[in-house]
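# Architecture and fold: a report
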Amino acid sequence: MNTSFSRAKSVTENDHLVIFTKDIKKFNTSFLTTAEADYVKEELANESKQVLVNQYKRVIILYVVDKNADKNKVLELSRKAGDKVAAVLNKRKAKSVTLMDENLTDELLAFAEGMCLGNYQFLKYKKDKEKDANTLSEIKIASKKISDKDISLLNVVCEATCLTRNLVNEPQSFLTATQLAKEFQALGKDAGFTTEVFNKSKIQSMKMGGLLAVNQGSIEPPTFTVMEYKPNRKINKKPYVLVGKGVVYDTGGLSLKPTLNSMDYMKCDMAGGAIVGATLYAIAKAKLPIHVIGLVPATDNRPDGNAYTPGDVVTMYSGLTVEVLNTDAEGRMILADALHYAKQYDPELVMEFSTLTGAASVAIGQYGIVSMGTVDSRTKKELNDSANHVYERLVEFPFWEEYDELIKSDIADMKNVGGPSAGAITAGRFLNKFVNYPYMHFDIAGPAFVKSTDSYRGKNATGIGVRFMFDFFKNKSSK
Ligand code: BES
Ligand code: ZN
Ligand code: ZN
């Protein structure tokens, strides 16, 4: 993360300021001259939502929070406004900014979040990092109503989102399956959760046939990382389990993707795995009273002399057999083994994140997460409330058993593709064959990686999923 949050101890005449209000008549104008205050009033009367006053040593931005829209929409508009203001401040080479208000706490926090996430950069591979780096590095919050805890939770979730983006932006030339596991170990060490990494021989001895099949074409060994955060005080008897797809690069394998476009961004195919590691990191850093386990099977998917081929029958870790008809449907092969592994925990709920299907992306694009699953309606509502609150919205697809017809195989227990219709759903139904607990599948193929700048979500890796999960577990902790 390039930016961090702190409490403003005092405000000096050199500090850049953003001042919030809901009521344009009640703006705090104590930092303005009479002429400036008149100018602001005039601008606001013309329905401007944001006025910038350029003083000698600093800028003051007066920001009017929309009071008519729905609360979640207002928060999203605040994040987007924060992103824009961060750009203005960077242009002026500002290092820090102070956000002020006494009443609009949620909006101010959302604005700060948008500023920080919009300020993210991935400069690891640039020679002249200093020159390219944004200057803004400190967001100070001057509001007595916002607690130190609010500030530290915001720090944690933004940091976790940015570290997800870092992992997803890393090319496979660095981020092999082994390296991904090492990154998880480092996160665990930093935040205080345990990690255990299964290497290839352990994975072979466990007979994780799906993960091994996908790995057959690779010269890099697979890994299977188990992360666990189990605090002394925990509110859940049974653990929550998070599962994430860790395909560090997807060429499609022998069912090779066409090189034009479709392979260019396939380093993002471990975004689900990154969400899992980062969510454990955030939960452990924030010391939420939640027992949670993270599972990430990882490999790259490549064509090679020994690569798995269409027509192969693979015996999975669960013992079920799969007829492989497309080696590009590899995510479900490795996730199935992880979902079977999760059964031993008798989990409260398993949530799995994956860039699983182009079909999900085609159906809803980059503005939401395709979700499906078997959890009760109360949990679905809690998930939706969190998703809407952070604006990582869910679009629920049907999960009817009739779709299982489409993945029937003549010679094995199922096949790994379902044909041209309902591709996102047949992928989900395939995974459901390896599950015996309440389960939600989140297909993030659309929003995980975007090709043009989308406000504070940025360009390239967005880190989607982490704010959603953290909000969900934060709410669980406060119940
Ligand atoms: N990793 C891809 C899905 C994907 C597509 C992720 C676009 C991000 C952006 C996945 O492994 C895949 O190739 N799925 C196939 C499944 C098909 C062969 C049944 C697809 O969606 O085309
Ligand atoms: Zn694929
Ligand atoms: Zn894939």
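Placed above this text is the structure.
A brief structural summary. (Residues numbered from 1 in each chain as written. Chains lettered and ligands numbered in written order. Predicted model: local features only at pLDDT ≥ 70, side-chain atom pairs only at ≥ 80, totals over all residues. Heavy atoms only, no water.)

## Here's the deal with the pairing of strand S2 (residues 16-21)
With six of six residues buried, S2 is to be regarded as a mostly interior element. Neither face of S2 is left uncovered, since the one carrying His16, Val18 and Phe20 and the one carrying Leu17, Ile19 and Thr21 both have all their residues buried. Pairing geometry for S2 and strand S5 (residues 96-100), over four bridges, is parallel. By the bridge assignment for S5, isoleucine 19 is matched with methionine 100. Examined bridge by bridge, S2 and strand S4 (residues 59-64) share five bridges and lie parallel to one another. The partner of valine 18 across the bridge, within S4, is isoleucine 61. (Buried < 20%, exposed > 50% of the residue type's maximum accessible area, 1.4 Å probe, protein only. Helix = DSSP H or I, 4+ residues; strand = E, 2+ residues; numbered from the N terminus. Pairing = 2+ DSSP bridges.)

## As for the site of ligand 1
Taken together, 15 residues sit near ligand 1, with Asp250, Lys257, Asp328, Glu330 and Gly358 positioned nearest. Residue lysine 245 places a side-chain N or O atom 3.1 Å away from an oxygen atom belonging to ligand 1. Between ligand 1 and threonine 355 there is a distance of 3.4 Å, counted from a nitrogen atom to a backbone nitrogen or oxygen. Coverage of ligand 1 by the protein amounts to 77% of the 520 Å² it exposes when considered alone. Put simply, ligand 1 lies in the largest pocket. Across the shell around ligand 1, the residue classes break down as four nonpolar, four polar and seven charged. (Near = heavy atom within 4 Å. Polar contact = N/O pair within 3.5 Å; in protein donor to acceptor, adjacent residues only side chain to side chain. Areas by Shrake-Rupley, 256 points an atom, 1.4 Å probe, with all protein chains shown as cover. 1 Å grid on protein atoms, 1.4 Å probe; cavity = no way out; pocket = protein on both sides within 12 Å on 5 of 7 lines; lining within 4 Å. Sits in = over half its atoms within 2 Å of the grid points. Nonpolar A, V, L, I, M, F, W, Y, C, P; charged D, E, K, R; others polar.)

## What about the sheet that holds S5?
For sheets, the rule is that strands pair by backbone hydrogen bonds, running either parallel or antiparallel. Taken in spatial order, the six strands of this open sheet run S1-S6-S5-S2-S4-S3, and their pairing is mixed. The sheet terminates laterally at strand S1 (4-7) and strand S3 (50-54), the two strands that pair on one side only. Geometrically, the sheet is characterised by an average inter-axis angle of 20° between neighbouring strands, direction not taken into account. Where helix H2 (residues 71-91) meets the sheet, its contacts fall on S2, S3, S4 and S5, and the angle it forms with S4 comes to roughly 165°. (Axes fitted to C-alpha atoms, helices over the stretch in contact; angles between N-to-C directions. Contact = heavy atoms within 4.5 Å.)

## Quick notes on the layout of surface pockets
If a probe as big as a water molecule is rolled over the atoms, it shows which places are left empty. Taken as a whole, the largest pocket encloses approximately 740 Å³ of empty space. As for the largest pocket, its lining consists of 33 residues, and the residues nearest its centre are Lys257, Met266, Thr357, Gly358 and Ala359. Secondary-structure elements contributing two or more residues to the lining of the largest pocket are helix H11 (358-364), helix H13 (423-432) and strand S19 (449-450). Looking at which element gives the most residues to the lining of the largest pocket, the answer is H11, with three residues. Within the lining of the largest pocket, the residues separate by chemical class into twelve nonpolar, 13 polar and eight charged. The computed volume of the second largest pocket comes to approximately 350 Å³. Forming the walls of the second largest pocket are 16 residues, and the residues nearest its centre are Leu109, Leu154, His389, Asp471 and Lys474. When contributions to the lining of the second largest pocket are tallied by element, the ones reaching two or more residues are H2, helix H3 (105-118), helix H5 (148-169), helix H12 (377-390) and helix H14 (466-477). In terms of residue class, the lining of the second largest pocket is made up of eight nonpolar, one polar and seven charged. (Points joined across faces, edges and corners; volume = space filled by probe spheres on them.)

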